[in-house]
Amino acid sequence: MTAPSFLDRYRTSFDTTWTDETPIEQVRFIVLDSETTGLNPQTDRIITIGAVAVCAHEIVLEDSFDALLKVAENTSAVTVHGITRDEARGGMAEEEALVRFLDYLRDGVIVGHHIGHDIGTLDAGYERGWGFRTLNRSLDTMDLTLHLERDGAFAGRPPIRSFTLDSLCGMFDVIPHDRHTASGDAFLTAQVFLRLLKLAARHGRTTLARVGEPFVEATE
């Protein structure tokens, strides 16, 4: 069975891609947020996808993605995210949105706050439609924040106890405008990420492997 052309394009983008030693200035990071109908990637659906690129320590606004998906179910999550049910019913079909997003994403390194849920929900959609999962590296802003705390980047501040995007916005004086929309949260996360990258460079975290290292709690 021949793979769809969009899947061929996606896989080909990894023929020459980033390595562990790639300097962060050379990486195309894709800061991603999605709003969903619930917290179970296997049963819930994506309502909106928002993403923006960060390259060479800059947010690249012209390299962004925004999609509203069709949500047929009568779900309160739609109105929670500021989207009316009529708007959701008029959105893009899931298959079309996922194909467009993959063409946009290519081999970009996915960045997000507690990004596992977003990737899990996307992967569930790709598995439903075409039987594959994404291949991209990913980086969680909370993991990087905790590594930097352990590195001493926040010396003089109280230990981090709140793990929300709002708390990180507060730490870095990022005004939480357009909160709880996918494109708005992606842009907020990108602003936080830029501040984290600046601190990471000061603490020797200058390669993709070093900024993308999963955080593991120290054991006694």
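Residues numbered from 1 in each chain as written. Predicted model: local features only at pLDDT ≥ 70, side-chain atom pairs only at ≥ 80, totals over all residues. Heavy atoms only, no water.

Asks: Hey, could you go over the side chain of S167 for me, with residue numbers and the actual values?
Replies: The topology assignment puts S167 in helix α7 (residues 165–171). Taking relative accessible area as the criterion, S167 reaches 18% and is therefore assigned buried. Separated by 2.6 Å, the side chain of S167 and the backbone oxygen of T164 make a polar contact. (Helix = DSSP H or I, 4+ residues; strand = E, 2+ residues; numbered from the N terminus. Buried < 20%, exposed > 50% of the residue type's maximum accessible area, 1.4 Å probe, protein only. Polar contact = N/O pair within 3.5 Å; in protein donor to acceptor, adjacent residues only side chain to side chain.)

Asks: Explain helix α5 (residues 116–130) to me, using residue names and the numbers behind them.
Replies: For α5, spanning 15 residues, the distance from its first C-alpha to its last is 20 Å, which sits close to the expected 21 Å at 1.5 Å a residue. Buried residues along α5 sit against β1 (29–36), β2 (46–55), α4 (94–105), β4 (109–112) and β5 (138–140). Following α5 by one or two positions, G131 has its phi on the positive side, about 75°. (Expected span 1.5 Å × (residues − 1). Contact = heavy atoms within 4.5 Å.)

Asks: Give a detailed account of the sheet that holds strand β3 (residues 58–68), specifying residues and quantitative values.
Replies: Pairing in this open sheet of five strands is mixed, and the strands run β3-β2-β1-β4-β5 from one edge to the other. Strands with a single pairing partner mark the edges of an open sheet, and in this sheet they are β3 and β5. Within the sheet, the average angular offset between the axes of one strand and its neighbour, ignoring direction, is 25°. Here eight bridges tie β2 to β3, and the two strands are oriented antiparallel to one another. Within β3, the residue paired with A53 across the bridge is V60. Along the sheet, α5 contacts β1, β2, β4 and β5; its crossing angle with β1, the most-contacted strand, is approximately 75°. Here helix α6 (residues 141–151) sits on the sheet in contact with β4 and β5, set at roughly 60° to β5. (Pairing = 2+ DSSP bridges. Axes fitted to C-alpha atoms, helices over the stretch in contact; angles between N-to-C directions.)

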